[in-house]
Amino acid sequence: MRRFVDLHTHSTASDGTASPKELVHLADREKLAAVALTDHDTTDGLAAARAAAEALPELHLVGGIELSVKFHLGAMHILGLGIDERSSELAETLASLRAGRSERNDKMLARLQQLGLDISMADVQAVAQQRRGGQPGEIISRLHIAEALRRKGLVATTDEAFDTYIARGRPGYVARDGLTPCQAAETIHQADGIAALAHPVHLHCQNRSQLDGVLRDLRASGIEAIEVYHPQHNSDQTRLYLEFARRLGLLAVGGSDFHGSAKPQVELGHPRVPVSLISASRFAERLLGTSPR
Ligand code: AMP
Ligand code: MN
Ligand code: MN
Ligand code: MN
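## Quick notes on the coordination of the manganese ion (ligand 4)
Moving on, step 1. His8 (NE2), His10 (NE2), Glu66 (OE) and Asp257 (OD) make up the full set of protein donors to the manganese ion (ligand 4), lying at 2.1 to 2.2 Å.
Moving on, step 2. For the manganese ion (ligand 4), all donor residues lie on one chain, and their spacing in sequence is H-x1-H-x55-E-x190-D.

## Digging into helix α1 (residues 20–29)
Moving on, step 1. For α1, the complete set of buried residues consists of Pro20, Leu23, Val24, Ala27 and Asp28. Seen end-on, α1 carries its buried residues on one side only, within an arc spanning 135 degrees. Along α1, exposed side chains directed more than 90 degrees from the buried face belong to Lys21 and Arg29.
Moving on, step 2. Structurally, α1 contributes buried residues whose contacts are with β1 (4–9), β2 (34–37), α2 (46–54) and β3 (60–69).
Moving on, step 3. Looking at the residues trailing α1, positive phi occurs at Lys31, about 60 degrees.

## Examining the site of ligand 1
Moving on, step 1. With respect to spatial proximity, the complete set of residues near ligand 1 consists of Asp15, His40, Arg101, Arg104, Ser141, Arg142, Leu143, Phe162, His259 and Lys263.
Moving on, step 2. Interatomic distance of 3.0 Å between a side-chain N/O atom of Arg101 and an oxygen atom of ligand 1.
Moving on, step 3. The side chain of Arg104 places a nitrogen or oxygen atom 3.0 Å from an oxygen atom of ligand 1.
Moving on, step 4. Protein burial of ligand 1: of its 500 Å² of free accessible surface, 78% is covered by the chains.
Moving on, step 5. Within the residue set of the shell around ligand 1, elements represented by two or more residues are α3 (88–114) and α5 (142–151).

## Some thoughts on the sheet that holds strand β5 (residues 194–197)
Pairing between the strands of a sheet comes from backbone hydrogen bonds, and it takes one of two forms, parallel or antiparallel.
Moving on, step 1. Spatially, β7-β6-β5-β4-β3-β2-β1-β8 is the arrangement adopted by the 8 strands of the open sheet, whose pairing is mixed. Among the strands making up the open sheet, the edge pair consists of β7 (251–254) and β8 (273–274).
Moving on, step 2. Bridge count between strand β4 (residues 76–81) and β5: 4 bridges; the pairing is antiparallel. By the bridge assignment for β5, Gly80 is matched with Ala195.

Calculation criteria
- Residues numbered from 1 in each chain as written.
- Chains lettered and ligands numbered in written order.
- Predicted model: local features only at pLDDT ≥ 70, side-chain atom pairs only at ≥ 80, totals over all residues.
- Heavy atoms only, no water.
- Donors = N, O, S within 2.8 Å, 3.2 Å for Na, K, Ca; no water.
- Buried < 20%, exposed > 50% of the residue type's maximum accessible area, 1.4 Å probe, protein only.
- Helix = DSSP H or I, 4+ residues; strand = E, 2+ residues; numbered from the N terminus.
- Arc of directions from axis to C-beta.
- Contact = heavy atoms within 4.5 Å.
- Near = heavy atom within 4 Å.
- Polar contact = N/O pair within 3.5 Å; in protein donor to acceptor, adjacent residues only side chain to side chain.
- Areas by Shrake-Rupley, 256 points an atom, 1.4 Å probe, with all protein chains shown as cover.
- Pairing = 2+ DSSP bridges.

Right, here's the structure in full:
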C-alpha cells in the first residue's frame, strides 16, 4: 500500500488554482494513498474529484470541507474529513456561511476603496472566474482579493496584500461570522465526517497550558482529530501537537493545505503524513477506504 496521505487541499471550487480533477491527478502522481479535498465553505468540487478518482485504484478520495470558527485569540479552522456532501444539514449550513462570506467581502471591498485603492468586486471576481476556466464560482476568499490587488499593481505580492491591507488587524480586514466549534462539529457529524482542528499554530496560543485548555474544550465540543502535520508547523510544533494528540486521545492527521500556484511555496503531499497514523485507527475506513488493521 502507498505510504503517505494529504488530508488538506483546496481546488478552484474555493481559492486554489488546480481544478478538482487536476488535483486528484497530482495526488496520484505523488503516489498518495489518500487525498482529501477540503475547500472553504463548499463541496462543489467533490463530484468532479470523485469522478477523477474512480479511474485511480491506488488513490482514495476523501470528501472534505474547511470551516471557519469564531475564536478570540487567532484563527480557528475546523476540517470535516470523510463527509457525505449529500447531507441536507451540511448544505444548509454551507449556504448560510457563503452568504456571510459574500457580505463580508462587500464590506472589505468598501474598506479598500475608502483607503484609496482602485479595486472593485468585478476585479476580484475576474481572478476567480479565470481560474475556473470562465465559470463564475461562489467562493471568494481573501486570497482572491490579494491576487486582484497584485494584478492591479497595488501591491507587489499577495503576501504584501495581506501584510498591508487584509490580514486580521490590518485596515481592510473585516471579520466574518463564524460557527461555534460545537456547531461546526455537529454539522460535520451530520454529514458522517470526522471533525479535525486545522493548523493549531494559527490559534496563537501563548503557552502549553492555554493550548491544553483550548484542545480539551474542543474535544468536549466533538472535535476528534488534530492537524499535527502542516507546512506552517516547525519541527518543535509538530512534536508538541503530536504529544497533545496522543495525550488527549485525538487522531493525528495532516496535510499540505495545497492552493496550487496561489501558494507556490506549498507542495501537494508535503509535509509527509504517514498512512500508518490512520490505518490502525477507528477512522481507517472513512479516511483510507480500508478496514482498520
Ligand atoms: P478567508 O476565508 O476569505 O478569510 O481567506 C482565507 C484565505 O486567505 C486562506 O486561503 C488563507 O490561507 C489565506 N490567508 C489568510 N491569512 C493569510 C496571510 N497572512 N498570508 C497569506 N495568506 C493568508
Ligand atoms: Mn484558502
Ligand atoms: Mn485554514
Ligand atoms: Mn486550508
